[in-house]
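Each chain, letter by letter, is given below.
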Amino acid sequence: MFSKINLFAFLLAVTLVVVTTATFAAQPQTPIVSAFRDFSHDNTVDISGYYLPKQKIKIGKFQLHNLSVGDLHELKSWESGKNRSTTYAPVMFIFEDLSSKRIQTEIGEAYSNQPRVLPSTYSIKGNTITFSGMNKQVGRVTFKGTLDIKKLSMIQTNNTLDADQIILRGNLTIAGKRFKDFTFSWWEGD
């Protein structure tokens, strides 16, 4: 009789351990909290446009095309949870797949595959832009940089474009590869 009770207790203990382990394993993992809010900006200055890399960066078959920043309305709308899309965000990195077919677009020829890295988080605070995002093709992209708002405002006011002007400078990581002191010029777009 003692051995049946021990066997029963043992089986009950094993069952509890298995059920408890399965329950904890099924629980969602707590996300890592970043040093900045998910999506935020505090600028009243319009910094929208395309930040074009001054140096070419190629990771495998992908080349960085630009960092795109939307206008104040688009930032505010995204941050409030409105107008979210799986193909557009007001702060995103755009790449070109150099192995993809070239196609004719309304503004000229372009690669047919242009992966966009949408943000998991971004922050625009003062003259600092911080970004983290993931794309299945390109991998994780992180950036922390300093924007020359005075120089950008002067270019916008004078309606001039100088591709040699450095408007944004920072540290960029693409798929684990780090690029320190990386620079961008600025283009308003069409």
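Description of the structure in this document. Note that the coordinates shown come from a computational prediction; the quantities given were computed from them, not determined experimentally.

Structural notes on unusual backbone geometry
Phi at Ala 175 is positive, roughly 50 degrees, even though this residue is not glycine. Inspection of the secondary structure assignment puts Ala 175 in the loop between β12 (168-174) and β13 (177-187). Owing to a relative accessible area of 40%, Ala 175 belongs among the partly exposed residues under this scheme. Positioned with a positive phi, Asp 181 is a non-glycine residue whose angle comes to about 55 degrees. For Asp 181, a relative accessible area of 44% puts it in the partly exposed group.

Some words on a negative patch on the surface
Taken together, the side chains of Asp 46, Asp 71, Glu 74 and Glu 188 make up a negatively charged region of the molecular surface. Relative to the assigned elements, Asp 71 resides in the loop between β4 (62-69) and α2 (72-79).

Rules used in this analysis
- Residues numbered from 1 in each chain as written.
- Predicted model: local features only at pLDDT ≥ 70, side-chain atom pairs only at ≥ 80, totals over all residues.
- Heavy atoms only, no water.
- Helix = DSSP H or I, 4+ residues; strand = E, 2+ residues; numbered from the N terminus.
- Buried < 20%, exposed > 50% of the residue type's maximum accessible area, 1.4 Å probe, protein only.
- Patch = residues over 30% accessible without salt bridge, like charges linked within 9 Å, V, L, I, M, F, W, Y side chains within 5 Å.
- Areas by Shrake-Rupley, 256 points an atom, 1.4 Å probe, with all protein chains shown as cover.
- Salt bridge = Lys/Arg side-chain N within 4 Å of Asp/Glu carboxyl O.
- Lys, Arg positive; Asp, Glu negative; His and termini not counted.
- Charge placed at Lys NZ, Arg CZ, Asp CG, Glu CD.

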